[in-house]
Structure formats: C-alpha cells, structure tokens
Amino acid sequence: MTDSTLTPEANDTSAKAPAPSRSLYALDDLTKKRNAAEKRFQAYGIAAILIGLLFLVVLAYSIISKGIPAFTRTVVQVEFTITQEQFDAAEKELFKTKAYERFFIGALQGQFEESGLNVPFDAKAIERIVGKTGGTIREYFRANPDKLGEPVAFELAASSRVDGYMNGRVTRETMTDSRFLQASDLDIVDALVETEVIKTVFNWNFITGADSGVDNPGGAGIGASVIGSFFMMLVVLFLSLPIGVAASIYLEEFAPQNRFTDLIEVNISNLAAVPSIVFGILGLAVFIQFMHLPQSAPLVGGLVLTLMTLPTIIISTRASLKAVPPSIRDAALGVGASKMQATFHHVLPLAMPGILTGTIIGLAQALGETAPLLLIGMVGFVARGYPDGFIAGFTEPNSAMPAQIYTWAARADFAFYEKAWGGIIVLLVFLLSMNILAIILRRRFERRW
Amino acid sequence: MSLFWLILIVLAIAVTGYVLGRARALSSAGGERSALHSLPSYYGANVAMKSAVPAFLLLICWLLAQPFFINSTISDMIPDSAIAEGSSRGLVLAEVRRTARGLDNAVASGAIEDDFASNARADFNDVTARLKEAGQIVTSDITQPVLRAAQQYRVLVASGNFYMSIAVLLVAIAGALWALRETNKDFRARNTVEQGIKAILIGAASIAILTTIGIVLSLVFNTAEFFRLYPASDFFFGLTWSPSFSGRGGSSELGIIPLLWGTFYISVVALAVAVPIGLFAAVYLSEYASPKVRAVAKPLLEVLAGIPTIVYGLFALLTVGPMLVSVFGDNGLGIMKAGTAVMTAGLVMGIMLIPFVSSLSDDIINAVPQAMRDGSYGLGATKSETVKQVILPAALPGIVGAILLAASRAIGETMIVVLGAGAAARLSLNPFEAMTTVTAKIVSQLTGDADFASPVALVAFALGMTLFVVTLGLNIVALYIVRKYREQYD
Amino acid sequence: MNEMPNIEQATAMTESKISADKVQVYYGDNHAIKDVDIEIQPRSVTAFIGPSGCGKSTFLRTINRMNDTIEFCRVEGSIRIDGEDIYDPKVDPVQLRAKVGMVFQKPNPFPKSIYDNIAYGPRIHGLARNKSELDDIVSSSLQKAGLWDEVKDRLDEPGTGMSGGQQQRLCIARAIAVSPEVILMDEPCSALDPIATAKVEELIDELRENYTIVIVTHSMQQAARVSQRTAFFHLGVLVEEGPTDNIFTNPKDKRTQDYITGRFG
C-alpha cells in the first residue's frame, strides 16, 4: 500500500512518477532477447508447415516416379515372313514351337546384321528376354493361314525382369545372375533397344485388364476393380444421397427438441468417428452372415460404405440447409405454403449445390476406403474379369480399386509393387476429378446471404 | 418371378394408382380444381404411397425372415452323423446353400435339366460330377444328406419366393384400392401425404440409430460366442498372441495385451509426429501467415487428409520403411531389421494426422476472441508470448479435445498398420521392431481361411468390440470437451 | 473537479507528452484519419469525442501502434512521445506498448487467475526480479485500481469470474502493472452499468496524477466529468481541441456545436 500513504505534497511533486523513461530508440537487452524468441517461434511455425509440405512432395514423388512404369510395358517387335513351305516344314517337326522360335531368332539376327551390331546371343538368352516365343507365333499362323508368305510384325511382351531393367527397377548393379536374367542378357537388351526392336509402349492392359495370377505381374490390370468401384459408388450414391437428405431435412426442419432427436444427433456424430474397420465387421455380420447377401459383391460393399458415408453427408447437408436464411422459409409460409412445401419447394433447391458438394466429397472418401471391403471379401484376386451385365455388376464377386491395390502390395513379387503404385495413380485421378467437380460446383453455385 | 420384376410391377401399380387417384379426385369435384381440398397431384401421390410403401415394407421383412425359416427347416434335415469331425452345423448349412446355388447355376446355364436337379433319387456322385463338369465350384464332394437338403432348399426357396410375390402384389393392390376408395374432393390428401413423407424422413434419420444397433449387436453376439469358446480372462490379460489355424484353433493363445501395446505404441509415435507439427502449423497459419500464404498452405496441407489410407499404407511399406532401414538398418545404426516397424507405421500415420490436428486446432485457435490478443498486445507482449501465454492456455481444452479425436483416429486406423507395422504381436519397447495392432489383427483373422465358428476368427469380433468401446469412449470425451469449449466463447 | 480547468490552464504551457503532426491513417483505400495535429498534455485526461465511425478509436490505436496488428492499415505523418517518433523504424512496438498501455472497450481479462492477469505484463517485460517483487507489483497495481480490497482474498480465482465493472478495473490494473507513462482507454465504460462506470471514472480521475490518460468516449457527459481537455473528431478530421469547459460551453466550430447540442451523433 505505498500509494495511499503518500502525502498530498508527494503527489504534487510527482515523486512517485515512473522513473525517467528510457528512450524508445534504444532497444534494451530484454527486448532483444524477446525478439529473438519471437523469431525462433515463428521459424518453428514455418518449419512445421514446410515439413508438412515436404511430406506431401515426397509422397507425390513416390507415387509418380514409382507408378508411371505401370502404364508402360516393354515389347519386342520383330517383322518377318514365313512362307507356306516353311510353315509346312515346321509343322512336321517334333518340337514344333522350337522351329518357330528359330524363325524369330533368325529374324532378330537379320535385324542385328542390318544395323551392323555384333552382339552374340543364343536361344536361351532370347527365351530369358521374351519368354517362349514359338507358341505364340505358331498359334498366330495356324489361326491366320492367309498371312503366310507376307511380312508380319510381331509384338511380344518382354519378360518382367527386362521390363524392370527398362524402367529402372532392375539395374546392372542390383541384379544377380539367375535363370530369369543374366548380366550378359542386358547387353543384348541394350543392343535391341538401340535397333528399336525393344520398345516401351503404353500398357492398355493395365487400364482395362483384370487381376492376373500371383505369377504374372505383367498381365495385371485395374480395369475390373474400377468397374467394381463404379458399381459400389452407384449403390452409395443412390442410397446415401436420398437417405442423407431425408434425414437432414427431418433433423434440420422438422425434428422437435426431444430425447429421440438428441439420440439421433449423438448417434450421427459418434458414427462419424467410428473406425472404418468396425463398419466392415458390421457388414460381415449383418449383410453376409445374417442376411446371406453374396460375399465379395459390390452391392454389399456399397451398403457398408453407405452406412459409413451417411454421417458425413448428413453433417454437410445439414450445414447447407442451415445456410439457407430463415427469411426464405418465412416468405414461403407467408404465402400459405405448408412447412413441407416450403422445405421441398424453396429450401431444398437452394441448398442443393451445397448438398451435392458434400455428397461428392463423401463419395470420394468412400471410394478410397479399403479396410471394410477386405472384411466382406472384396479382395483383389476376386477381380478376375468384368461382370456380365448390369445386375451382375452388383452381385457378382468383384474387387474395388483400393482393395486391388492392397492385394498387389501384399504379394511377394516386387513387380506387383509397381502395379500398386500405378493403381494409386488411377485411384487418385478419380479422387482428384471428384474433388475438382466439387470445387467447381461450390464456386459456380455458392451463394452468400 | 425375379425380385427385379416384382419391384417393377409394384412400381407400375403405384404409378397406375397415381393416375387413377388424380383422375378420381378431379371427377369427384366435377373437374373443378378449386373445389378440391388439395392439389390433384396429392391425391395421386396418396394412392401411390399407400400401395407402394406397405408392399415394399412387406418385401423387405419377407426377404429378411425367409432365410431363417428355410435354414431351420434344412437344419432339421441334416442328422448329426452327417456333420464331420472338426466341422459344424453352420459349415454344413453353408455347404448346402453352395450346392443349391451350384444346382441353380447349372440349371440356368443349361448344363443339367431341372428335373435332374430336383430328382430326389439322383445319385450324389453323379450330381457332383455333373456340377463339376458344368464349372460350378464344389469345394468338397457332396454327401447324400447335403444333396437332399440342397434339393429341399431349392424347393423351399422357390415356393417362398412364389408366395412372397403373391403377398406383395396383393398388399400393393389392396393399398391402392383402399386409397382410391377414400379419394373424394374433401379428402385431406396433402396432409396425409405430408404425414407419410414425414414418416419416411423420420425413418431415414433413424438409420443412424439402426446402424449403431447393428454394430453393437453384431459385435456383442459374436463376442459372446467367442467368450463361450475362449475364456474372457485369458483374452483380456493374456500376454501372448499366437493364433493357431490348425485343429480349429484349439491351441491358440489369444491375449489382447500385445495388440493393445502395439496399438498404443504406434498411436503415441503418430501423435508425437502429428501434434507438434500440426499445432505449430495451425499457430503459424492463424497468427502469422499472410492471407496469401494461408490461402496456399492450408489447402495443400489438407490434401494430406484427403489421401486414402491405402496410399499411406503403400507409402509406409515401400518408401518410408526402406528409407528408415537405410538409416537405422544393418548398413546404418544397425537397430532396425526390416522396413515394417512401429516407427514406420507411426511416422506415416503421423503424417496422415497432421492436417487433422492442424485444421481442428486452427478452428479452435480462431475461436479465441480477438479481445484476448488485443489485451496481450496492448500490454506489450510479442506475438509468440501472446500465443504461448494467452491463446494456447485459453484454447487448451479445445486442443486437448482435438488431440483425443486424433488419437481415436490413430487407434482405429487400419491400412497403414496392416502394411507398415508388421504382423508379429510383440511386447517390446524398441520402436524399430515390428509390432501389430488390434485393427491389423481384425483384418488378418477375418480374411484368413479360418471358419467363422472357430475362436481364431471369432476373436476378431472381440477385438472389434474392444476397438469400438475404446474409440467411442475417446470420441465422447473429446466431443464433450470441444462442445464445452465452444460454449465458453459463444 | 471544479478547480481542474484552472490547473489545466496552468499546465497548458508545459511541454506536451504526445504530439501528433499531420497524421493520416488508411485502411486499404479508405482514408480513415486526415491531417490530425494534436498536442496531449502530461498528467492530464484528454477525451476524444465524436459520432461513431469518426476515427477517434482509430487515432487512439495509432498512439501505441495497435494498428500494426491489422493488415492493410497504413499510418503517415508523425506521432512523438517525449519527442521521439514512435513510427521510427528503430522503435520496437513491444517496447512502445510497455510505455503506452491500453484498456479496451470490452473488459478482456485473460482466462487466468486474477494474480496471473496482473502479473502477466511484469513477467513478460521482466519488471520483477523475484516472487516477492512480483507480489508487490500485483498488490500495488490492484490498490491503485481500487480493486485490492475486493479481490485480496481470491487472487487465485479466474479473472473471468468477476463482475463487468471489476473486470474492467482489473484490466486497468493490468495496464498499470507494466508502469506505463501513458494509458489509452477505448470507451472503457461502454459495457458497464452506471455504478461500475462511476467507479471507473473515479479511478481515472485518481490515475491522472501519475499518468497521461487519453480516453475515447461516446458519452459527452463522461468527457465533461473526467477530462481536462477534449478533442472533437468528425469524419476522420480533428475538428476542434481545447480545454473541456471551452469545448462544451463555447465551441468555436459549428460542427462541434451541433454535436454537443445533439443535432447529430
């Protein structure tokens, strides 16, 4: 209590005034220290953001650099002619395919001599590079006898090791001689690349094909599981959009303040945070064990994902409904519309862009979900072909993109990893398009009240 | 009649009802629209609603109930002696259904005639051979009781479907007729239709409750079944996890402790990555960054949240794992044996959680009133002092809530740990060793070849139950804290 | 209060504490403050009055550079405190704000204990070497703010739990604890009831003995009650400035007259 004991005189002379003030121009030591701390703190913040962005860059780089090779395949392209006589002669031999292989190797030899290259090779090496070619060639001429006698260009898939060498997965340093590939073969490959006999072409089969067996990474394609994902998304869209909108309209416009409403609200917010795998358990127990719906079917996958996406869609739909100002409702009610009419004729159309945006984002989330699909049997190796027909698309066993990627990632052959990364690129292209669509919708129709 | 056609016919009845109802209402008012209580379309909708809704409800109930009746009937047909050693009634019934489906498909593709398929005296060896020939997958050779049951199953399904079609169509027509009868110009069609729509809306909203009930029931029943076969105390307190798929899992040790430890350890590593980075990023974005930087950096960080977890799983397995091995592995520090480890999964999961922590914290920091900042700046505090001593303490409850939500995410995350953490259940402190989690084991137990009735598969439901309870608890606490926090500044 | 104008006239000739010269403030393209020149006397209360949106609060906030925290805000001209230009690049706003404290419109105690609210400033500025010195600063600040007797037994309780008037006096005590030379008050009583307002006005009158006080108020009665000099702002322009009595009894400018007689505002 220093001040109150001061005498009036003391007050008058301002004895208790603050000490003569320091100049503002001079920074004291403490301020310098504090400013340094300030700089440090700011640097931590920048570092945190840069680390986050760095992760994003590393992730994007991994995906692109490792996934792009999945879209290419290496082929050996040779053109040669087999005459009717040669064909007949070959058909009379004991090992017929060997005979055809000789034609192939001969043609290759010719190509080398033409380019003036001199690389020694034998049939075994060629077999390691393109596999057994005789069978394919024989099949072709047996099926098209009219092609005999004219030049035919053959495009044969190179073995997966050569494919790996071409896109950097296998290098001279890392490879070890094996019955699959030897170091000397790489010299042949290099020569073949130079003569443009070995080429890299776009791998359409990866886009359109189905899953191959464990032993054939080269033939694996993501097409069938894209179809599986597509049918699942159809189920999710046609169930979650109407149900989500109906539930949101009820909760936002009609629900009275009571226990039942509270119960629903608590349920929705908690379901939004339940781990996805638990929804998989639900799907397995209820849809497959209890209702005996077909296992691995996109229909079941769609049902599970619908239940999983509903909370997200309900939350965003309610936000869009809430954003429609009450004056719109009042105006409709004021001209004698019922509450139901006001909602469906005025509020819902105005909220629609927001609802669609939320739904697309919910669908994108569902499209990338993996774990619940594994539990209901939608694993990659099920996706062996396209469904025959529209209804079959829902009920026939199939996989989905993320589950297919998982299956490839879990296989022992390293060549499948490249397919998994490639699959991720396909998946991300879909997700990106959906998100861009959502952003466009939002930009285009966003309304500020 | 297939389900598809049945649905189409019911819809056709509803559409016809709509047209008739509308016409009838108009004629009852003598073509005078204004004499009607409601718009004509409401009268039509009333008829359509009353024919289609009860019919579809009946259809759904029938489809759910029919398998029960058929299963219990079939089950009685199979003598105990037909159930092989190491098998169960459930497995045999599944075999029956498979056989019945095989017969159906074979008939549909024309490989065998319908007469032959339903011939009760057919020799089962013959049927098996014919089915295999027709390309229908037959897992084991069909036994005589199974074949009989399968044939009976086909009969029951066929008659069940027939009666169902009749009943559904009758209900649809009766509903339409009843609604048409009550249609006249004074009938309050709009009110009735709106009541109906409201009931549908309530039904849609209740799906959230049904989902929760579905989750709880499917977990509880199967968990109870598991505890019947395996002592609960061994499950909750067992220190070893070594399921044995052979011999119906009799010698399995299914202790959850190592899995919980793995889950906990990986989540801690993930949070140790995500919380500091996410929090600093949020502070920087909300307090320091210029609007331009914010407009670029915030959405870019949020891209991390939009990436599917399978991508992170692959990233862990193929990029981060090998990267860590090259530093900590045999060629580096020599403390890491393989790419799959707690560190790998935790680090990648942390990356996934960064935007989750940062955007939640960003919201919470922005909810701290500007007056707090002004008060602090007015006293001559620097920005960092304001953040550390005023904003963060004020936002603390909200941030704790956000971290709990992130923790619940980490615990429930599946794909990253399935691919990145390894498969060995282990109680160890070394973060560079492979461990496994509750979620990873749910996947492996339920996607393996074990039959659903054995403890090694059923344990997944007990694991799921544990996971559900833990995450639900965390979520409830977190949501409560966040809501209280928001109320404080509203 | 009655003798105040006399004292005021006596000190009018002393060197001014704050002197503003051709101050302009822009918010983006909006020219919010135009050509403001004003001299503010030490150890006195200067009131800024004017209709809302006239720029009085904006100008107040330029005096301790609180506008620095607002993006797109630009200040031109010079403001000198004790002859030193506070917008000089050598000046650290943090150090400036320790010298020029501020009390805001709405009481904004930190969500901390009463003690920590007061101790916050001294702690960050390193004013106390040990706990007992800090205790002294806290108790003397609370005494100066006339709050000591009300809160001495509950210093551990959160500052947010007090009444509005107490919260505002806590904020004043918090500002005093940093031992500033100037205290800026931005409508400090606008959120308070009449009794709490009276207490705060009484406090302002006491503080005048040690501090230079600038107060923005929307209430002319309040300006008349607490201030020795009054400045009238209108549309970003300083219309008239002089001893409070003169402004209210004998305004020179027509706009001032219109305002104080209630023609607009």
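Predicted model only: the values in this text are computed from it and were never measured. Numbering of residues starts from 1 in each chain and follows the order in which that chain's sequence is written. The naming scheme follows written order: chains are lettered A onward, ligands numbered 1 onward. With the structure being a predicted model, the display of local features is reserved for residues of pLDDT at least 70 and the display and counting of side-chain atom pairs for 80 or more, all residues being used for whole-chain, interface and lining totals. Excluded from the side-chain calculations are hydrogens and water; all other atoms, namely the structure's heavy atoms, are used.

1. Remarks on the overall build of chain B
For the purposes of this entry, the term helix denotes a DSSP run of H or I that reaches at least four residues, the term strand denotes a run of E that reaches at least two, and both are numbered from the N terminus. Helix and strand counts for chain B come out as 17 helices and 2 strands. Burial classification: accessible surface area is computed with a 1.4 Å probe over protein chains only, and a residue below 20% of its type maximum counts as buried, one above 50% as exposed, and the rest as partly exposed. Split into buried and exposed, the 490 residues of chain B put 50% on the buried side. Across chain B, the fraction of contacts at a sequence separation of at least 24, relative to all contacts at a separation of at least 6, is 73%. Element-wise, carbon and sulfur atoms account for 65% of the exposed surface of chain B, whose accessible area totals about 21500 Å². Contacts are assigned to residue pairs that have any heavy atoms within 4.5 Å of one another. Per-residue and other accessible areas were derived by the Shrake-Rupley procedure at a 1.4 Å probe size, with only the shown protein chains allowed to occlude residues.

2. Here's the deal with the interface of chain A and chain B
Facing the 74 residues of chain A at the interface are 81 residues of chain B. Defined here as a combined quantity, buried area equals the accessible surface (1.4 Å probe) lost by two parts on assembly, summed across both. Each partner contributes to the roughly 6700 Å² buried at the junction of chain A and chain B, and carbon and sulfur atoms together form 80% of this total. A side-chain nitrogen of Lys or Arg and a carboxyl oxygen of Asp or Glu constitute a salt bridge if their distance falls within 4 Å. Connecting chain A to chain B are 1 salt bridge. Pairing of N or O atoms within 3.5 Å defines a polar contact, subject to two protein rules: one partner must be a possible hydrogen donor and the other a possible acceptor, and residues neighboring in sequence count only if both atoms are side-chain atoms. For the interface between chain A and chain B, the tally reads 13 residue pairs in polar contact (both at pLDDT 80 or more). If you tally residues by element for the side of chain A that touches chain B, the top one is helix α2 (residues 29-67) of chain A, at 21 residues.

3. Comments concerning the pairing of strand β1 (residues 18-27) of chain C
Along a regular strand, successive side chains alternate from one face of the sheet to the other. All names here are of chain C. The element β1 is largely enclosed, with a buried count of 7 among its 10 residues. Pairing between β1 and strand β2 (residues 30-40): 7 bridges, direction antiparallel. Paired with I18 across the two strands is I40, which belongs to β2. Pairing between strands is defined by DSSP: at least two bridges between them are needed.

4. Comments concerning the nonpolar core
In this text, buried Ala, Val, Leu, Ile, Met, Phe, Trp, Tyr and Cys residues form a nonpolar core when linked through side-chain atoms within 4.5 Å. Grouped together as the largest cluster of nonpolar side chains are 193 residues, with contacts concentrated most on F279 of chain A together with I215, Y312, I442 and L463 of chain B. The element that contributes the greatest number of residues to this core is helix α9 (residues 257-288) of chain B, accounting for 17 residues. Residues contacting L463 of chain B, with those up to four places away along its chain left out, are F235, W241, I256, L259, V438, K441 and I442 of chain B. Residues V138, L147, A173 and F232 of chain C belong to the second largest nonpolar core, which totals 42 residues.

5. Observations regarding the pattern of salt bridges
Residues and elements named next belong to chain C. Evaluated as defined, the whole model comprises 34 salt bridges over all chains. Measuring nitrogen to oxygen at the nearest pair gives 2.5 Å for the salt bridge that ties E201 to R225. In this pair, E201 sits in helix α8 (residues 194-207) while R225 sits in helix α9 (residues 220-226), placing the two residues 24 residues apart along the sequence. Relative accessible area serves as the criterion here: at 8%, E201 is assigned to the buried category. Salt-bridge contacts for R229 lead to E241; the nearest nitrogen and oxygen are separated by 3.0 Å.

6. A look at the packing of aromatic side chains
Each pair of aromatic rings is reported with the distance of its centres and the angle of its planes. For this analysis, a ring pair means two rings from Phe, Tyr or Trp (six-membered ring only for Trp) whose centres lie within 6.5 Å, classed as stacked if their planes differ by under 30 degrees, edge-to-face if by over 60, and tilted for the remaining angles. The tally for this structure, following the rule as stated, stands at 34 aromatic pairs over all chains. With 5.2 Å between their ring centres and 80° between their planes, Y140 of chain A and F154 of chain A make a pair best called edge-to-face. Remark: F154 of chain A occurs in strand β2 (residues 152-157) and Y140 of chain A occurs in helix α6 (residues 134-143); sequence separation between them is 14 residues. Residue class for F154 of chain A comes out buried when judged on its relative accessible area of 6%. Taken together, a centroid distance of 5.4 Å and an interplanar angle of 15° make the contact between F226 of chain B and Y230 of chain B stacked. The pair formed by F226 of chain B and Y230 of chain B is uniform in burial state, with each residue classed as buried. In this analysis the charged atom, NZ for Lys or CZ for Arg, is taken to sit over a ring once it is within 6 Å of the ring centre and within 35 degrees of the ring normal. Sitting above the plane of the F416 of chain A ring, R411 of chain A keeps its charged end 4.8 Å from the centroid. Stacked on the ring of F110 of chain C, the Lys or Arg R174 of chain C has its end atom at 4.3 Å from the ring centre.

7. So, a negative patch on the surface
Residues and elements named next belong to chain C. Residues enter patches when they are more than 30% accessible in relative terms and free of salt bridges; like-charged ones are connected within 9 Å and nonpolar ones (Val, Leu, Ile, Met, Phe, Trp, Tyr) within 5 Å. Positive charges come from Lys and Arg alone, negative charges from Asp and Glu alone, with His and the N- and C-terminal ends not counted. The atom standing in for a charge is NZ when the residue is Lys, CZ when it is Arg, CG when it is Asp and CD when it is Glu. A surface patch of negative charge is lined by D21, D35, D37 and E39. With 3 residues, β2 is the single largest residue contributor to the negative patch. Checked against the element boundaries, D21 lands in strand β1. Given a relative accessible area of 42%, D21 falls into the partly exposed group.

8. Here we look at the sheet that holds strand β3 (residues 198-202) of chain A
Residues and elements named next belong to chain A. Pairing in this open sheet of 3 strands is antiparallel, and the strands run β2-β1-β3 from one edge to the other. Looking at strand neighbours, the two that pair on one side only are β2 and β3, the edges of this open sheet. Here the strands of the sheet are splayed against their neighbours by 40° on average, with no regard to which way each runs. By the bridge criterion, 5 bridges tie strand β1 (residues 72-80) to β3 in an arrangement that is antiparallel. Bridging across to β3, R73 finds its partner in V201. In this description, a line fitted to the C-alpha atoms serves as the axis of each element, helices being fitted only across the stretch in contact, and the angle between N-to-C directions of two axes falls anywhere from 0 to 180 degrees. Each of β1 and β2 touches α6; the most contacted strand, β2, lies at about 140° to it.

9. Focus on the domain arrangement of chain B
Residue and element names in this part refer to chain B. Start and end positions for the domains come from either an automated domain assignment or a database one. Split into domains, chain B comes out as domain 1 (3-227) and domain 2 (253-485). The gap between the C-alpha centroids of domain 1 and domain 2 is 44 Å. Buried surface at the junction of domain 1 and domain 2, summed over both partners, amounts to about 930 Å²; 85% is from carbon and sulfur atoms. Interface area lost by domain 1 to domain 2 is led by L219, N222 and F226, which between them contribute 55%. Think of it as three bins: nonpolar holds Ala, Val, Leu, Ile, Met, Phe, Trp, Tyr, Cys and Pro, charged holds Asp, Glu, Lys and Arg, and polar takes everything else, Gly as well. Its residues assigned to classes, the side of domain 1 that touches domain 2 comprises 7 nonpolar, 4 polar and 1 charged.

10. Things to note about the interface of chain C and chain B
Every contact between the two is made by 23 residues of chain C and, on the other side, 19 residues of chain B. Carbon and sulfur atoms supply 66% of the area buried between chain C and chain B, which totals about 1600 Å² over both sides. Looking at the side of chain C facing chain B, the largest losses of area belong to P111, Y120 and I124 of chain C, adding up to 30% of the total buried there. At the junction of chain C and chain B, the tally comes to 0 salt bridges. At the surface where chain C touches chain B, the tally comes to 4 residue pairs in polar contact (both at pLDDT 80 or more). For the side of chain C that touches chain B, the secondary structure elements donating two or more residues are α3 (93-99), β6 (100-103), α4 (114-125) and α7 (164-176) of chain C. The residue inventory of the side of chain C that touches chain B, partitioned by class, reads 13 nonpolar, 5 polar and 5 charged.

11. Digging into unusual backbone geometry
Most peptide bonds take the trans configuration, and most residues that are not glycine carry a negative phi. Residues and elements named next belong to chain C. Unusually for a residue other than glycine, K22 sits at a positive phi of about 50°. Along the chain, the position of K22 falls in strand β1. At S179, a position not held by glycine, the phi torsion is positive, near 45°. Topologically, S179 is positioned in the loop between α7 and β7 (182-186).

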